[in-house]
Each structure stands twice: as structure tokens, then as C-alpha cells.
Amino acid sequence: MSEQGWIQEAIAQAEKSWGEGGIPIGSVLVNRGGEIVSRGHNERVQTGDPTAHAEVVCFRNAGRRRDWAELTLVSTLSPCIMCTGTTLLFGVKTVVVGENSTFIGAEDLMRSNGVKVSVLNDKRCIKLMQRLQNEKPDLWAEDIGL
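Because the structure is a prediction, the values reported are computed rather than measured.

Reading the values: the criteria
- Residues numbered from 1 in each chain as written.
- Predicted model: local features only at pLDDT ≥ 70, side-chain atom pairs only at ≥ 80, totals over all residues.
- Heavy atoms only, no water.
- Salt bridge = Lys/Arg side-chain N within 4 Å of Asp/Glu carboxyl O.
- Helix = DSSP H or I, 4+ residues; strand = E, 2+ residues; numbered from the N terminus.
- Axes fitted to C-alpha atoms, helices over the stretch in contact; angles between N-to-C directions.
- Parallel < 35°, antiparallel > 145°, perpendicular 65-115°, else oblique.
- Left-handed = near helix turned anticlockwise from the far one by under 90°.
- Contact = heavy atoms within 4.5 Å.
- Nonpolar A, V, L, I, M, F, W, Y, C, P; charged D, E, K, R; others polar.

**Student:** What should I look at first to understand the pattern of salt bridges in this one?
**Tutor:** Any two side chains of opposite charge can pair, given that their charged atoms come close. By the definition in use, this model includes nine salt bridges. One salt bridge in this structure joins Arg111 and Glu107, with 3.6 Å as the shortest N-O distance. In this pair, Arg111 and Glu107 are both assigned in helix α5 (residues 107-112), four residues apart and thus about one turn of the helix distant. Linked by salt bridges that have partners in common, Glu107, Asp108 and Arg111 make up one network.

Below is the structure:
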């Protein structure tokens, strides 16, 4: 599967969250062979857990592993400081970001720690967050902290 396939799977996770009444952010972890080994979507609203960001849920769903440094994290939105910390803690070296125009996370921190970060500026990912901003501005403010 290619980078475009990976982001499509992350978008499907974001849509799943939105369909559950949550925040439309999705993530996948991909192994060296290009296979998705874990999926996650933001579950903050659904579970009441403020740490249930898509990336953290994706890491949780991946279980115990020893190949973290060989995995690629793909997220529809630029990872926040918590998700960046999780990425650094587990030693993931490659991150693909769907978009960072609606929110820019801790990309510089990842890069300064040797993580290769690429930003796709995917219009579908941007539309997900714009939909949240327009249709649920209070939830956007709660999640982004504005």
C-alpha cells in the first residue's frame, strides 16, 4: 500500500470518529513492508478520556512491539505535543501528516529529534477539520484549546 492508501485509511478512521459524534482525526501505523499494523481514531468525546487522541489510540492498538523504529505513523492532522511525545517515546522515525493548515502540532520537536516529517496538505484532511470548526465550534475550541 502507498502513502495515498495509508492516508485514505487514516481518513476512514477520522470519518468513523465523526460518525460516532467525535473529533474527525484518524491515524494508522504502517510497517516497513507498507502494511497497516494498527488503526486509531480520536475517542475523546466518545470515552471522556482526554488522552484518547487518534495517534495515542493507534499506538495502544498496536500492542507490545519491538519494531517501533521501523514503523511510520500516519495522521490526518499534525500531531499535538502529547502525540509527538508518544511518537518520540517509542522511537518512531517517520511521520506522515495529512495536513497542518488548520492546526500545526509539534512538528519542529519531532524533526529536532531526528524524525522525518512529511506534510501532504491533503484537501480531504483539511475539509475534515474545517467541518469540525464550522459545525461544532465549541468542540473545536475544547479540543484545540482556543
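**Student:** Help me out: how do you make sense of the packing of helix α1 (residues 3-19) against helix α6 (residues 123-135) in this one?
**Tutor:** A pair of packed helices is captured by two measures, namely the crossing angle of their axes and the spacing between those axes. One can describe the packing of α1 onto α6 by two numbers: an axis separation of 10 Å at closest approach and a directional angle of 15 degrees. Here α1 is positioned roughly parallel relative to α6, judged by the angle of their axes. Crossing of α1 against α6: the hand is left-handed. Touching Gln4, Ile7, Gln8, Ile11, Ala14, Glu15 and Trp18 of α1 are Arg124, Cys125, Leu128, Arg131, Leu132 and Glu135, all from α6. Residue classes in the contact of α1 with α6 are distributed as seven nonpolar, two polar and four charged.

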